[in-house]
Amino acid sequence: MSDSFSQTDEPTIPPFRETVLVTDDDSHIREVVCFALNKAGYRTVEAENGLHCMEAVNRDDPDLIILDILMPEMDGTEVCRELRRTSRVPIIFLSSKDDEIDRIIGLELGGDDYITKPFSPRELVARVKAVLRRGAATNGVEKKESTRERLHCGHLLLDTACCQVFWGGCEVVLTATEFGLLQSLMSSAGRVFSRDELMDRTYDHGTLVTDRTIDSHIRKIRAKFREAGGDPIITVRGIGYKLGPCS
C-alpha cells in the first residue's frame, strides 16, 4: 500500500458517524483500513470472509461495505449478488485484480466503486466519503436537481425521499450510483446527456471514472428495468443517453 498510517500517532478520533463493514480475509489489510476509517470518524465492523460479511450485514446494518473479491467460503462477487437481491447498501470492491474487465464486472454486479490493491488508505477514505455522499444525496439529504420528492414519467416513478424507483407499480432496486444516474436523466426528460455530464453529476471531482464505467452502470439499470417489463433509457449513438417515453 502506497501510504499507510502509523498507529503510534495516537490521533484524536472524532465522534463516529456512519458504520463501514470491512470484509477481507487478510487481517493486516482489515487493520489498516479500519485504522484509516476510524481516524476519519467512521465506526468499523470487520468480517474475514463472505459468510461472516452476510452475518454482519444482518447484525450491524452497515451504511457501506468494503468488499474484497477473492475470499474463501463465499467470494465478494457472490456476496454482492446476494445483497443486491434485497439491499442497495453501497459497496466498494477491494481487489488485487486490476484488469478493466474485472472493474466492469464488479460495477455490473452492483458495486458502487472499485479500488485495486495496493491502495492508498487516504484514497480509500476519500472514495468512502464520496460514495456515502452520493447515497445521502439520493436519499434527499442533498437535493441538487430539484426540491420535488417525486419524479414521474409514464410507467416510471422515482421517489427521492424514500430512494425508491418503480416501473408500473413494481419496485426496481437500484444502487445509490444507479439511482443518481437515473435521477439525472429524469431531471430533464428528453434531454440528451453526454457521458461526461453524467460523470460530473454522479461522481465527485477527482474520482477517476471512464466512459465505460458510465456505460456499465447504464447497462445494469436497463437490465433491471427489462426484468420489470420496461426500458426507460435511450442510447443516442455517439453522444450519450436520454430518458425515453416510459410508456
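For the structure itself, look to the data block above.
Structure report, in brief. Throughout, residues of each chain are indexed from 1 in the direction in which the sequence is written. Residues qualify for local features only when their pLDDT is at least 70, as the model is predicted, and side-chain atom pairs are given and counted only at 80 or more; totals for whole chains, interfaces and linings, by contrast, use all residues. Calculated side-chain values reflect all of the structure's heavy atoms, with hydrogen atoms and water omitted.

So, on to helix α7 (residues 195–202). Residue exposure (1.4 Å probe, protein chains only): buried if accessible area is under 20% of the type maximum, exposed if over 50%, otherwise partly exposed. Helix and strand definitions here come from DSSP, where helices need a minimum of 4 consecutive H or I residues and strands a minimum of 2 consecutive E residues; each element is numbered from the N-terminal end. Buried residues of α7: R195, L198, M199 and T202, and no others. Each buried residue of α7 lies within a common arc of 105° when the element is viewed along its axis, so the set occupies one face. In this structure, α7 carries D196 and D200 as exposed residues pointing more than 90 degrees from its buried face. Arc, as used here, means the arc of the directions from the helix axis to the C-beta atoms.

If you walk across this open sheet you meet the four strands as β6-β7-β8-β9, and the pairing is antiparallel. The open sheet is flanked by β6 (150–153) and β9 (170–171), the only strands paired with a single partner. Summarising the sheet, strand β8 (residues 164–167) and β9 pair through two bridges and their orientation is antiparallel. Within β9, the residue paired with F166 across the bridge is E171. Contact definition: two residues touch when any of their heavy atoms are within 4.5 Å. What counts as an axis is a line fitted to C-alpha atoms, over the stretch in contact for a helix, and the angles between N-to-C directions run from 0 to 180 degrees. Sitting on the sheet, helix α6 (residues 176–187) is in contact with β6, β7 (156–159) and β8, with an inclination near 115° to β7. Pairing between strands is defined by DSSP: at least two bridges between them are needed.

This next bit is on the pairing of strand β11 (residues 233–236). With four bridges joining them, β11 and strand β12 (residues 240–243) adopt antiparallel strand pairing. Within β12, the position partnered with I234 by the bridge is K242.

Considering the arrangement of structural elements, one finds F35 in helix α1 (residues 27–39). On a C-alpha basis, the gap between F35 and P121 in space is 9.1 Å, while along the polypeptide they are 86 residues apart.

Moving on: the sheet that holds strand β2 (residues 43–47). One key point about sheets: their strands pair by backbone hydrogen bonds, in either a parallel or an antiparallel sense. Strand order in the open sheet formed by five strands is β2-β1-β3-β4-β5, and the pairing between neighbours is parallel. Edge strands, defined here as strands with exactly one partner in the open sheet, are β2 and β5 (113–116). With direction set aside, neighbouring strand axes in the sheet form an average angle of 20°. Both strand β1 (residues 19–23) and β2 contribute to a ladder of five bridges, which runs parallel.

Before going further, it helps to examine the pattern of salt bridges. When a carboxyl oxygen of Asp or Glu is within 4 Å of a side-chain nitrogen of Lys or Arg, the pair counts as a salt bridge. Scanning the model with the defined rule gives 16 salt bridges in all. With its nearest N and O atoms 3.0 Å apart, the salt bridge here joins K117 to D24. Residue K117 is found in the loop between β5 and α5 (121–138), and its partner D24 is found in the loop between β1 and α1; the two are separated by 93 residues along the sequence. Classification of D24 by relative accessible area gives buried; the value is 1%. With a shortest N-O distance of 3.1 Å, R226 and D231 are connected by a salt bridge. In the salt-bridge network here, residues are joined through shared partners; they are D24, D68 and K117.

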